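Residue-level structure breakdown
Given next are the chains, with one letter for each unit.
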Amino acid sequence: AQSVAQPEDQVNVAEGNPLTVKCTYSVSGNPYLFWYVQYPNRGLQFLLKYITGDNLVKGSYGFEAEFNKSQTSFHLKKPSALVSDSALYFCAVRGDNQGGKLIFGQGTELSVKP
Amino acid sequence: ETGVTQSPTHLIKTRGQQVTLRCSSQSGHNTVSWYQQALGQGPQFIFQYYREEENGRGNFPPRFSGLQFPNYSSELNVNALELDDSALYLCASSLPRGSLAYNEQFFGPGTRLTVL
């Protein structure tokens with residue numbers, strides 16, 4: 001069965017420090033991996049994706065993620081956090097034979113303090 | 001280029017009633033997916049429509065049904081509402097298969113449904 005795990009419900013970071021939001025996955029076939037961000041009372045905004053190619057993916061707002069096949073992980077990172085990055089972050093996966101069905105993790109609340 | 005829009009924004013219904021939620025896909029997108037996001041949870045896939053046909057379904061009962069229209073807009077219908085149906089319902093559209101960005105799904109702001 002396909003699944004996504006985000007082991008941390010909440011991540012707290014000081015502004016200017018690097019941040020990491022963790023994600024591990026389980027999927028049959030080649031994984032298609034995504035990160036989305038959700039602000040209060042808003043829909044999901046696409047940040048970045050890994051389909052194939054370079055394991056380090058760069059996305060919107062200075063975020064990047066590293067695909068690690070052996071560890072089945074796709075951690076989201078940013079070198080220097082901003083207070084405005086505070087939001088709910090979701091990792092999602094789909095297998096290459098699963099059409100459009102995205103499987104989401106439970107979400108990680110990122111809090112960046114000044 | 002307009003984004004994905006959903007209506008209504010909020011809705012309050014009572015148990016046993018029926019509800020219809022609407023979604024207009026982003027320009028050029030012919031695939032629409034619906035997700036249910038309960039409070040404190042990640043979105044869960046309900047179903048997807050491609051060229052007016054259902055193209056995949058998640059673990060939701062038949063009282064959850066949908067439609068896609070020739071202009072690619074879509075409806076989600078839920079019959080016999082239950083208290084647990086209270087959630088944010090998200091619609092997402094994506095480009096035609098074969099497009100470079102086919103795998104990206106663009107989400108609308110959602111409809112907050114409360115069942116009393």
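This text goes with the structure placed above it.
Residues numbered from 1 in each chain as written. Chains lettered and ligands numbered in written order. Predicted model: local features only at pLDDT ≥ 70, side-chain atom pairs only at ≥ 80, totals over all residues. Heavy atoms only, no water.

Looking only at helices and strands, one finds zero helices and twelve strands in chain A. When the elements of chain A are put in sequence order from the N terminus, they spell out β-β-β-β-β-β-β-β-β-β-β-β. Taken against the 2.2 N^0.38 rule, which gives 13 Å for 114 residues, the C-alpha radius of gyration of chain A at 13 Å falls within 12% of a compact globule. Principal-axis analysis of the C-alpha atoms gives chain A an extent of 45 × 30 × 20 Å. In chain A, the proportion of contacts linking residues at least 24 apart, taken out of those at least 6 apart, comes to 57%. (Helix = DSSP H or I, 4+ residues; strand = E, 2+ residues; numbered from the N terminus. Rg over C-alpha atoms; globule rule 2.2 N^0.38 Å. Contact = heavy atoms within 4.5 Å.)

Another point: the sheet that holds strand S3 (residues 19-24) of chain B. Think of a sheet as strands paired side by side through backbone hydrogen bonds, with each pair either parallel or antiparallel. All names here are of chain B. Read across the sheet, four strands follow the order S1-S3-S8-S7 without closing on themselves; strand pairing throughout is antiparallel. Each of the sheet's edge strands pairs with one partner strand only, and the pair in question is strand S1 (5-7) and strand S7 (64-68). With strand direction ignored, the average angle separating the axes of adjacent strands in the sheet is 20°. In this structure, S1 lies alongside S3, joined through three bridges in antiparallel fashion. (Pairing = 2+ DSSP bridges. Axes fitted to C-alpha atoms, helices over the stretch in contact; angles between N-to-C directions.)

This paragraph deals with the packing of aromatic side chains. Summed over all chains, the structure comprises 14 aromatic pairs over all chains. Pairing Phe 104 of chain A with Phe 107 of chain B gives two aromatic rings, centres 6.1 Å apart and planes at 75°, and the pair type is edge-to-face. Of the two residues, Phe 104 of chain A sits in strand S11 (residues 103-104) while Phe 107 of chain B sits in strand S10 (residues 106-107), which places them in two different chains. Residue Phe 104 of chain A is classed as buried on the basis of its relative accessible area of 8%. (Phe/Tyr/Trp six-rings, centres within 6.5 Å; stacked < 30°, edge-to-face > 60°. Buried < 20%, exposed > 50% of the residue type's maximum accessible area, 1.4 Å probe, protein only.)

As a further point, take the environment of Val 112 of chain A. All names here are of chain A. With respect to the helices, strands and loops of the structure, Val 112 is situated in strand S12 (residues 108-113). Accessibility expressed as a relative area gives 3% for Val 112, which makes it buried. Distance in space between the C-alpha atoms of Val 112 and Ser 86 is 5.5 Å, their sequence separation being 26 residues. Setting aside residues up to four positions removed in sequence, Val 112 forms contacts with Val 13, Ala 14, Glu 15, Ala 81, Leu 82, Val 83, Asp 85 and Ser 86.

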